[in-house]
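# Commentary on secondary and tertiary structure
Below, each chain spelled out in residue letters.
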Amino acid sequence: MLIIKEKIESIIVESINKAIDDKRIDIPPVTNIKVEYPKDEKFGDYSTPFALESAKQLKKNPMEIASVISEYVSKNEFFEKVDVVRPGFLNLYISKKVLNEVAAEIISLSDSFGIIKKNNPERVNIEFVSANPTGPLNIVSARAAAVGDTLANLITAAGDIVDREFYINDYGNQVRLLGESVLSRYRTLNGIDNEFPEEGYRGDYIKDIASFINDKFKSEADSISDHAELVDFFAKKAIEYNVSGQKEVMSRFKVNYKQWFSERTLHEDGSVENTFSDLKDHGVLYEEEGKTFFKSTNFGDDKDRVVMREDGRPTYLLADIAYHRNKFKRGYSKVIDIWGPDHHGYIARLSGAVRALGYQESAFKVLIAQQVNLIANGELVKMSKRLGQFSTMADLIEEIGTDVARYFFVMRSMDSHLDFDLVLAKKESSENPVFYLQYAHARICSIFREAESRNFPYIKGVSDNTVFDSPETVALLKALSKYPEEIKDAAASLEPHRIGVFLLRLAQLFHRFYAENRVLIDDEAKRNSLLTVCDCVRIVIRNGLSLVGVNAPEKM
RNA sequence: GCGCCAGUAGCUCAGUGGAUAGAGCAACUGCCUUCUAAGCCGUAGGUCAGAGGUUCGAAUCCUCUCUGGCGCGCCA
């Protein structure tokens, strides 16, 4: 697939090197150069500030340098126009011929337009949500799910091989506590007097789990007499129940994990112990007061961390190191985690451990998806786990639907603390950006339906340059041509929101085009070209929305 | 006290060191006998939290200050 920005970069680099060969400018050959999108279209479709940046080194006026380069660049038929503009920008306008080629490419590739092939694809593991299996998923999980899944789609489209993963923390104190909480509710259900554990989970869902066990596993439960064993039984059943609920919600949210990875297995198959000795072999452990510490301060952490307690039990950190070691041992060359904001302090120690085990720093990346506030009617909605509140992800899907929820989360940068306006999101109106986008798609489908009913033929891949006279058409095609590089950039920078922003801009350009250009006109050649443009927009919106996990409706 | 994230239009947010800082919503206008008005055109709205610095050029990079959120466990 043609990635225009890359093509332009190579044209400019070539031109500069030619100018150097011709002794027109006196610098060492260049290998790469900055090409950017001007803010204002009157400054071209692409521009390079190379002359400005090299002026000092060359001790020359940037305008002079730029005009020398422009002599070489303008010979290329890729561009319609090359401008040299004060104080030294080189502004490039791509030719209509290129736009026509882009349109042809979109039509012929269709669903696979935007999918980039890489010669050496990386194997990428992306882990997101990984909420505790002690209860239902909440709103923050929904954000992580939307962002993580979209990012996985983007990286896949950019040519790598991506697996999605969910880490189940089914080990440790909280699990026992969960077991005890459910056991207590179970006993109450059966009329047995008991005391609820002090730190236990008090949500109503615990009662649901208790009655679930009562319905399905009563005889099995009642046959266990040993208390620890009984708690363990309840804990296991509760985790199964919760995880299966989480799986169900994720699938409704259109997230398909390759693997749900159980922490417990790391303890049972010796991975945790092996990781411990592995770290020891790397010389990053030391003992003090009977505990074993990981020297995380060597890796930028602010203090060393205990990995093995005095009584020989591993800490959560050690299990987590074992988990990430496991990911690398499974052959992933890149491991990405998306965490909640409350875990950012944990990054230094874990990425330190990954490095201590000999993996590249760049191979492990933790992204933090910032907090989500729910707003309704201008008021902050408290996220308590009480009834009637919009606390769970399932409620959110129920209330506003997967499409709206996913788009809302994806259109914002992960770094921003998000105010999620429930009332706005629920509105099926122009106030909701998701509908704005979907409406563009539905409108195009409607044009094609109408064309069919009027017996207007549409011949794919045949287009006439004259339609490029309309400024709206040109703007639209230029935007479409940037879709592949948008995917590449969004994947490389791990910023899925870019695609959401891109699609909104595209929809806007289409609505503007629609208002100014009647498609179903009598002139057959021109009509076919306009239909081609519409088809291109339809394809890119559909492909883009599918990356975000949002449906592209044919009618609204 | 230390660390992470944020502070951009009335609100929610985009903005890759570049040129006159943008969008959606809200407000005020105008546009449906013509392919979907869930749309389009226009107007108004800004000390990019503040102060220094680096640079030919800073919302963007650095330092400090202020404000908000979160974290600083041998919990997970």
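Structure shown above.
Residues numbered from 1 in each chain as written. Chains lettered and ligands numbered in written order. Predicted model: local features only at pLDDT ≥ 70, side-chain atom pairs only at ≥ 80, totals over all residues. Heavy atoms only, no water.

### Considerations on the overall build of chain A
Test applied: Here a helix means four or more residues in a row that DSSP labels H or I, a strand means two or more in a row labelled E, and each is numbered from the N terminus. Remark: exposure states derive from per-residue accessible area (1.4 Å probe, protein chains only) relative to the maximum for the residue type, with buried under 20%, exposed over 50%, and partly exposed in between. Residue contacts follow a heavy-atom distance rule, with two residues in contact if any of their heavy atoms lie within 4.5 Å. Residue-level accessible areas treat just the shown protein chains as cover; the underlying method is Shrake-Rupley with a 1.4 Å probe. In this charge count, Lys and Arg are treated as positive and Asp and Glu as negative; neither His nor the chain ends contribute. Here the site of a charge means NZ on Lys, CZ on Arg, CG on Asp, or CD on Glu.
Regarding its fold elements, chain A presents 21 helices and 14 strands. Principal-axis analysis of the C-alpha atoms places the extent of chain A at approximately 85 × 65 × 40 Å. Buried residues in chain A amount to 54% of all 556 residues. The long-range share in chain A, meaning contacts at least 24 apart out of those at least 6 apart in sequence, stands at 72%. Approximately 26,300 Å² of chain A is accessible, and the part contributed by carbon and sulfur atoms is 47%. Side chains of chain A give 73 positive and 84 negative charges; the mean places of these two sets differ by 3 Å.

### A look at the sheet that holds strand β10 (residues 334-339)
The strands making up a sheet associate through hydrogen bonds between their backbones, and the pairing can be parallel or antiparallel. The condition is simple: At least two DSSP bridges between two strands are required for those strands to pair. Geometry is summarised by axes, namely lines fitted to C-alpha atoms with helices restricted to the contacting stretch, and by angles between N-to-C directions that run from 0 to 180 degrees.
On the basis of which strands lie adjacent, the open sheet formed by five strands has the order β6-β5-β4-β10-β11 and parallel pairing. In this open sheet, the two edge strands, each paired with only one partner strand, are β6 (259-262) and β11 (364-368). Between one strand axis and the next, the sheet turns through 25° on average, direction left out of account. Where β10 meets β11, five bridges bridge the pair, whose relative direction is parallel. Bridge pairing links Ile336 to Lys365 in β11. Contacts from helix α12 (residues 316-329) reach β4 (123-128), β5 (161-168), β6, β10 and β11 within the one sheet, and its direction differs from that of β5 by about 160°. Of the strands in this sheet, β10 and β11 touch helix α13 (residues 347-356), which is tilted by about 165° from β11.

### Let's talk about the protein's contact with RNA strand B
Rules: Nearness is defined per residue: one heavy atom within 4 Å of the molecule or strand is enough. Charged means Asp, Glu, Lys or Arg here, nonpolar means Ala, Val, Leu, Ile, Met, Phe, Trp, Tyr, Cys or Pro, and polar covers whatever is left, Gly included.
Contacts to RNA strand B come from 67 residues, most closely from Lys42, Lys291, Arg309, Tyr439 and Ser446. Taking all atoms of RNA strand B within 4 Å of the protein, the share assigned to sugar and phosphate is 62%. Those elements giving two or more residues to the surface near RNA strand B turn out to be α2 (50-58), β3 (89-94), β14 (418-421), α17 (433-453) and α20 (497-516). The leading source of residues in the surface near RNA strand B is α17, at nine residues. Across the surface near RNA strand B, the residue classes break down as 24 nonpolar, 19 polar and 24 charged.

### A few points about the side chain of Arg264
By the element assignment, Arg264 lies in helix α10 (residues 263-268). On the basis of relative accessible area, Arg264 is assigned to the buried category, the value being 17%. Ignoring anything within four residues of it in the chain, the contact list for Arg264 reads Asp170, Tyr171, Val175, Asp232 and Lys236.

### Details of the layout of surface pockets
Short version of the rule: The rule is simple: put a 1 Å grid over the protein atoms alone, call a set of points where a 1.4 Å probe fits but cannot get out a cavity, call an open set with protein on both sides within 12 Å along at least five of seven lines a pocket, and count a residue as lining if it has an atom within 4 Å of a point. Grid points are joined across faces, edges and corners, and a volume is the space filled by probe spheres set on the points.
Approximately 1,100 Å³ is the volume attributed to the largest pocket. Elements with a minimum of two residues in the lining of the largest pocket: α5 (139-157), α6 (173-189), α10, α12, β10 and β12 (372-376). A total of five residues in the lining of the largest pocket trace back to one element, the largest contributor, which is α12. Of the residues assigned to the lining of the largest pocket, the class counts are 21 nonpolar, 17 polar and eight charged. The set of elements that each furnish at least two residues to the lining of the second largest pocket consists of β2 (79-85), β3, α4 (96-109), α18 (471-481) and α20. At six residues, α18 tops the list of elements feeding residues into the lining of the second largest pocket. Looking at side-chain class alone, the lining of the second largest pocket contains eleven nonpolar, two polar and 13 charged residues.

### Describing the packing of α17 against helix α21 (residues 524-548)
The angle between the axes and the distance between the axes are what describe a pair of packed helices. What counts, and what does not: Orientation categories follow fixed angle ranges, with anything under 35 degrees roughly parallel, anything over 145 roughly antiparallel, 65 to 115 roughly perpendicular, and all other angles oblique. Left-handed describes a crossing whose near helix is turned anticlockwise from the far helix through less than a right angle; right-handed describes the clockwise counterpart.
Two elements in contact, α17 and α21, have axes whose closest approach is 10 Å; the angle formed by their N-to-C orientations is 140°. Between α17 and α21, the interaxial angle falls into the category oblique. Our pair here, α17 against α21, has a crossing hand that is left-handed. From α17, Leu437, Gln438, Ala440, His441, Ile444, Cys445, Ile447 and Phe448 reach across to α21, where they touch Leu531, Cys534, Asp535, Val537, Arg538, Ile541, Arg542 and Leu545. Tallied by class, the residues present in the contact of α17 with α21 amount to eleven nonpolar, two polar and three charged.

### Notes on the nonpolar core
Put simply, the rule is: Among buried residues, those of type Ala, Val, Leu, Ile, Met, Phe, Trp, Tyr and Cys that are joined through side-chain atoms within 4.5 Å constitute a nonpolar core.
In this structure, Ile8, Val129 and Phe420 are the most contacted members of the largest nonpolar core, which totals 155 residues. When residues of this core are assigned to their parent elements, the largest contribution, twelve residues, is made by α21. Ignoring sequence-local partners within four residues, the contact set of Phe420 consists of Val372, Asn373, Leu374, Ile375, Leu396, Ile400, Phe408, Phe409 and Ala425. The next biggest cluster of nonpolar side chains, apart from the first, holds 32 residues, and it includes Ala322, Tyr332, Val354 and Ile368.

### Topic: the pairing of β12
In terms of burial, β12 is a largely internal element, four of the five residues being buried. As judged from the four bridges shared by β12 and β14, these two strands associate in the parallel manner. Opposite Ile375, over in β14, you have Asp421 as the bridge partner.

### A few points about the sheet that holds strand β1 (residues 46-48)
Strands sit in the order β1-β3-β2 across an open sheet of three strands; the sheet is antiparallel. With partners counted over all chains shown, the strands left at the sheet margins are β1 and β2, one partner each. Within the sheet, the average angular offset between the axes of one strand and its neighbour, ignoring direction, is 20°. In terms of strand pairing, β2 meets β3 through six bridges, oriented antiparallel. In the sheet register, Phe79 faces β3, and the bridge partner there is Ile94.

### With respect to α6
We count it as follows: What a helix should span is 1.5 Å times the count of its residues minus one.
With 17 residues, α6 should reach 24 Å at 1.5 Å per residue; the first-to-last C-alpha distance of 24 Å fits that figure. Buried within α6 are the following residues: Gln174, Val175, Leu177, Leu178, Gly179, Ser181, Val182, Leu183, Ser184, Arg185 and Tyr186. Against the buried residues of α6 lie α7 (204-216), α8 (218-222), α9 (227-252) and α10. Once α6 finishes, Gly191 follows within two positions and takes phi at roughly 75°, a positive value.

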